[in-house]
Amino acid sequence: MRTANFTRACCAEALGSCLLAAIVIGSGIMGERLSSDNHAVALMGNTLATAAGLIVLILVFGPLSGAHFNPAVSLIMMLRGELEKAKFLAYLVAQSVGMILGAWLAHAMFVLPILQISHRLREGSPQHLSEFVATFCLLLTILRVNRSRPELTPFAVAAVITAGYWFTASTSFANPAITMARALSDTFAGIAPASVAGFILAQLLGALAAWGCDLAFGHANSIPAKAPLAAPTN
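The following refers to the structure shown.

Scoring rules and cut-offs
- Residues numbered from 1 in each chain as written.
- Predicted model: local features only at pLDDT ≥ 70, side-chain atom pairs only at ≥ 80, totals over all residues.
- Heavy atoms only, no water.
- Helix = DSSP H or I, 4+ residues; strand = E, 2+ residues; numbered from the N terminus.
- Contact = heavy atoms within 4.5 Å.
- Lys, Arg positive; Asp, Glu negative; His and termini not counted.
- Charge placed at Lys NZ, Arg CZ, Asp CG, Glu CD.
- Patch = residues over 30% accessible without salt bridge, like charges linked within 9 Å, V, L, I, M, F, W, Y side chains within 5 Å.
- Areas by Shrake-Rupley, 256 points an atom, 1.4 Å probe, with all protein chains shown as cover.
- Salt bridge = Lys/Arg side-chain N within 4 Å of Asp/Glu carboxyl O.
- Buried < 20%, exposed > 50% of the residue type's maximum accessible area, 1.4 Å probe, protein only.
- Bend = angle between axes of the 7 residues up to and from the residue.
- Polar contact = N/O pair within 3.5 Å; in protein donor to acceptor, adjacent residues only side chain to side chain.
- Expected span 1.5 Å × (residues − 1).

Attention now moves to the overall build of the chain. Helix and strand content of the chain: 8 helices and 0 strands. Dimensions of the chain, computed from C-alpha atoms along their principal axes, come out at roughly 55 × 50 × 30 Å. The contacts in the chain between residues at least 6 apart in sequence include a share of 77% that link residues at least 24 apart. Each charge class in the chain can be summarised by its mean position, and for the 13 positive and 10 negative side chains these summaries are 9 Å apart.

Below is the structure:
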């Protein structure tokens, strides 16, 4: 039974990662084709599809694997003692392979060459700082919301990624596996292989910083249990 659950979880991570990459890359291709070179419109389409897809994928695969779809998330869960080392390594492989297959799936759906290498350079400290911030925000959102209101985690994740698309210079990759997959797509969502290492390093540092911040905040809640977290805005 334990082996069956482990296999099912890894398959869920692979399939979910595949679909997420197809959504991110495919919506980028569609957005670019329909926007007449208006990058703001293309990014808006890319953002909305990614956010909507994330909500659905987390709701579908969350009960099976936790719906990480992201090595940075799995790493922090392992460091927190919530994911065994062997399972983390299996998740890492499943996520990476799934993301690459998702890139190829997007290419196939839009009648593009399956095998590609991106030429879109994303270099410099502002890009790396953006990935640090984007991943920090994503992981802190997951860690804190999953503790206090786990039923809202899919929506919170989608919201923070939506914000990240627009307030970071890098458009918020925040995921080492999809960064590698996007290096294999010479499309709107692509990243040149030469830029990948800097992005992944920044993402891992951002994830570790979020974990440290979560530990510093601790489990205590200084707000009375029955008090609203914020006054209604509308």
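Our focus in this paragraph is a nonpolar patch on the surface. Side chains of L15, L19, L105 and M109 sit close together on the surface and give an oily, nonpolar patch of about 340 Å² of accessible area. Those elements that place two or more of their residues in the nonpolar patch are α1 (2–34) and α4 (85–109). Positionally, L15 belongs in helix α1. Residue classification places L15 among the partly exposed residues on the basis of a relative accessible area of 43%.

Right, let's get into helix α2 (residues 39–65). At L59, α2 is deflected by roughly 35°, the largest bend along its length, and proline P63 occurs up to four residues later in sequence. Taken as a whole, α2 has its buried residues at A42, L43, N46, T47, T50, A51, G53, L54, L57, I58, F61 and S65. Those residues of α2 that are buried lie in contact with α1, α4 and α6 (153–167). Put simply, N38 is the residue that caps the front of α2, since its side-chain oxygen is 3.1 Å from the backbone nitrogen of A40.

This brings us to α6. For α6, spanning 15 residues, the distance from its first C-alpha to its last is 21 Å, which sits close to the expected 21 Å at 1.5 Å a residue. Looking only at α6, the buried set comprises T153, P154, A156, V157, A158, V160, I161, G164 and Y165. Contact partners of the buried residues in α6: α1, α2 and α5 (125–148).

What follows is about the environment of L208. Mapped onto the fold, L208 is located in helix α8 (residues 193–217). The class for L208 is partly exposed, based on a relative accessible area of 36%. Separated by 176 residues in the primary sequence, L208 and E32 have C-alpha atoms spaced 34 Å apart. Setting aside residues no more than four positions away along its own chain, L208 makes contact with I76 and L79.

Within the chain, D37 stands out as a residue other than glycine whose phi angle is a positive 65°. With respect to the element layout, D37 can be found in the loop between α1 and α2. Located in the positive-phi region is V111, a residue other than glycine, with phi close to 55°. Looking at the element boundaries, V111 is found in the loop between α4 and α5.

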